[in-house]
Amino acid sequence: MRLVFAGTPEVAVPALDALLASDRHEVVAVVTRPDAPAGRGRKLVASPVAQRAEEAGIEVLKPAKPSDPEFIARLTELAPDCCPVVAYGALLRPGALEIPAHGWVNLHFSLLPAWRGAAPVQHAVLAGDEVTGASTFLIEQGLDSGPVFGVITEEIRPTDTSGELLDRLAHSGARLLAATMDGIADGSLYAVPQPAEGITLAPKINVEDARIDWAHPALRIDRVVRGCAPAPGAWTLFRGERLKVSGPVKLVTDAAALTPGELAVGKNSVRVGTGSHEIELGEVQPQGKKPMRAADWARGARIESGERFEDAAS
């Protein structure tokens, strides 16, 4: 098939590579978000997908909106049979959806209908799911509601961050998307409607969602730290300033009980009270500084046992 691939961030690059490597399909162009400011100088930088496409010598389309008449006209000229999509980041309207004969097929990082939305991997970790996966489905006007072509499953490991899990899914999902294109091309694969039961939503995780509530149980706090890594990053307030808390945190079961948010500082460790067990912090990042071991942070800031993180409700 003639394919026009739509995607923007690094997580979409493995799928583009898988389609470029296929001898059954031709990627004739790539659609991606416009260049965005990045780095200290805030210079405009092309998306990872755009950079990869340019390396491969493929035409790159960067419409401000995929409903722009110029884009619709060019897509019509390209006459794609199908448009595979991975994390494109813009809403597709009927004018664009109707152009490819086999529609737009999205690779979504969950087992649909679970975790429809922008942050399926983060929500799976936050919820304590033991298994997740990826699905390919035909895009329609509803939110991730189209019929499904195929799925793969992926175990969520006890120490997985969202970043680590998403990296694995990006590669296994790339193979799924390529196989889906093969099945559509030879007529062996048909989309099946999603069940009406089991729908859960995965809206974008914002900074406030990532604030740690030390009154929550230790297992919940561990999920917040892992689920919000690498972005937006779990955090708390200490001495009036924001402190990022990154993994791993470790459950402590043989220590004297601390109240939620209370710190116990040792020579090589920093423990915090929660709504259940204490936890030992791994890495932290004070405002304006680089990540560091919690013990080094405590030593440098001259933190004493009995000090506490500010209550999330305050």
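Quick summary incoming for the structure in this document. Numbers given for residues are sequential positions, taken from 1 along each chain in its written order. A pLDDT threshold of at least 70 governs which residues receive local features in this predicted model, and a stricter bar of 80 or more applies before side-chain atom pairs are shown or counted, although totals over entire chains, interfaces and linings include all residues. Heavy atoms from the whole structure form the basis of all side-chain values; hydrogens and water molecules are not counted.

Turning to the layout of surface pockets, a few remarks are in order. Using only the protein atoms, space was sampled on a 1 Å grid; points where a 1.4 Å probe fits but cannot get out form cavities, open sets with protein on both sides within 12 Å along at least five of seven lines form pockets, and lining residues are those with an atom within 4 Å of a point. Grid points are joined across faces, edges and corners, and a volume is the space filled by probe spheres set on the points. The volume enclosed by the largest pocket comes to roughly 1,200 Å³. Lining the largest pocket are 38 residues, with Ala-87, Gly-89, Gly-117, Ala-118 and Ala-119 positioned closest to its centre. Helix and strand assignments come from DSSP, with helices taken as H or I runs of at least 4 residues and strands as E runs of at least 2, each series counted from the N terminus. Contributing elements (two or more residues each) for the lining of the largest pocket: β7 (104-108), α5 (120-126) and α6 (162-186). A total of 4 residues in the lining of the largest pocket trace back to one element, the largest contributor, which is α6. Classification used: nonpolar for Ala, Val, Leu, Ile, Met, Phe, Trp, Tyr, Cys and Pro, charged for Asp, Glu, Lys and Arg, polar for all others including Gly. A per-class count over the lining of the largest pocket returns 24 nonpolar, 10 polar and 4 charged.

Within a beta sheet, neighbouring strands are joined by backbone hydrogen bonds and run either parallel or antiparallel to one another. Only strands joined by at least two bridges in the DSSP assignment are considered to pair. Overall, mixed pairing links the 7 strands, which are arranged β5-β2-β1-β6-β7-β8-β9 in an open sheet. Each of the sheet's edge strands pairs with one partner strand only, and the pair in question is β5 (59-61) and β9 (148-155). Between one strand axis and the next, the sheet turns by 20° as a mean value, whatever way the strands run. Where strand β1 (residues 2-7) meets strand β6 (residues 83-86), 2 bridges bridge the pair, whose relative direction is parallel. Residue Gly-7 lies in a different strand from β6, and its bridge partner there is Val-86. Its contacts with the sheet put α6 on β1, β6, β7, β8 (131-138) and β9, and the angle it makes with β9 is roughly 155°. Where helices are involved, their axes are fitted lines through C-alpha atoms of the stretch in contact, as for all axes, and angles between N-to-C directions lie from 0 to 180°. Residues count as neighbours in contact if any of their non-hydrogen atoms are within 4.5 Å of one another.

On to the packing of aromatic side chains. Two aromatic rings from Phe, Tyr or Trp, using only the six-membered ring of Trp, form a pair when their centres are within 6.5 Å; if the ring planes differ by under 30 degrees the pair is stacked, by over 60 it is edge-to-face, and anything between is tilted. What the rule picks out here adds up to 4 aromatic pairs. Measuring from ring centre to ring centre gives 5.1 Å for Trp-214 and Phe-309, while their planes differ by 20°; the resulting arrangement is stacked. With Trp-214 in the loop between α6 and α7 (218-227) and Phe-309 in the segment after α8 (294-301), the pair connects residues that are 95 residues apart, well separated along the chain. With respect to burial, Trp-214 and Phe-309 carry one shared label: buried. The cut-offs for exposure are 20% and 50% of the maximum accessible area for each residue type, with area from a 1.4 Å probe on protein chains only; residues under the lower value are buried, those over the upper are exposed, and the others partly exposed.

Bringing the pairing of β1 into the picture now. Consecutive side chains along a regular strand alternate between the two faces of the sheet. Burial analysis of β1 places 5 of its 6 residues in the buried class, which makes it a mostly covered element. For β1 and strand β2 (residues 26-31), the ladder comprises 5 bridges, and the chain directions are parallel. Looking at β2, one finds that Phe-5 is bridged to Val-30. A crossover counts as right-handed when, viewed with the strands pointing away from the observer, the path leading from the first strand over the helix to the second turns clockwise. For the handedness criterion, the β-α-β arrangement of β1, helix α1 (residues 13-21) and β2 is classed as right-handed.

This brings us to the pattern of salt bridges. Pairing between side chains of opposite charge can happen when the charged atoms of each approach one another. Counted as salt bridges are all cases of a side-chain nitrogen of Lys or Arg within 4 Å of a carboxyl oxygen of Asp or Glu. Applying the stated rule across the entire model yields 15 salt bridges. The partner of Arg-24 in a salt bridge is Asp-182, and the shortest N-O contact between them spans 3.9 Å. Of this pair, Arg-24 sits in the loop between α1 and β2 while Asp-182 sits in helix α6; the two residues are 158 residues apart in sequence, bridging distant segments of the chain. By relative accessible area, which is 40% here, Arg-24 ends up partly exposed.

Attention shifts here to the sheet that holds strand β16 (residues 283-286). Spatially, 4 strands are ordered β10-β11-β16-β17 in an open sheet, and the strand pairing comes out antiparallel. Single-partner strands in this sheet number two, and they are β10 (235-238) and β17 (292-293). Examined bridge by bridge, β10 and strand β11 (residues 241-246) share 4 bridges and lie antiparallel to one another. Its bridge partner being in β11, Phe-238 is matched across the sheet by Glu-241.

All right, on to the side chain of Thr-180 then. Along the chain, Thr-180 falls in helix α6. For Thr-180, a relative accessible area of 2% corresponds to the buried category. If near-sequence neighbours (up to four positions away) are discounted, Thr-180 is found in contact with Val-105, Thr-136, Phe-149 and Leu-189.

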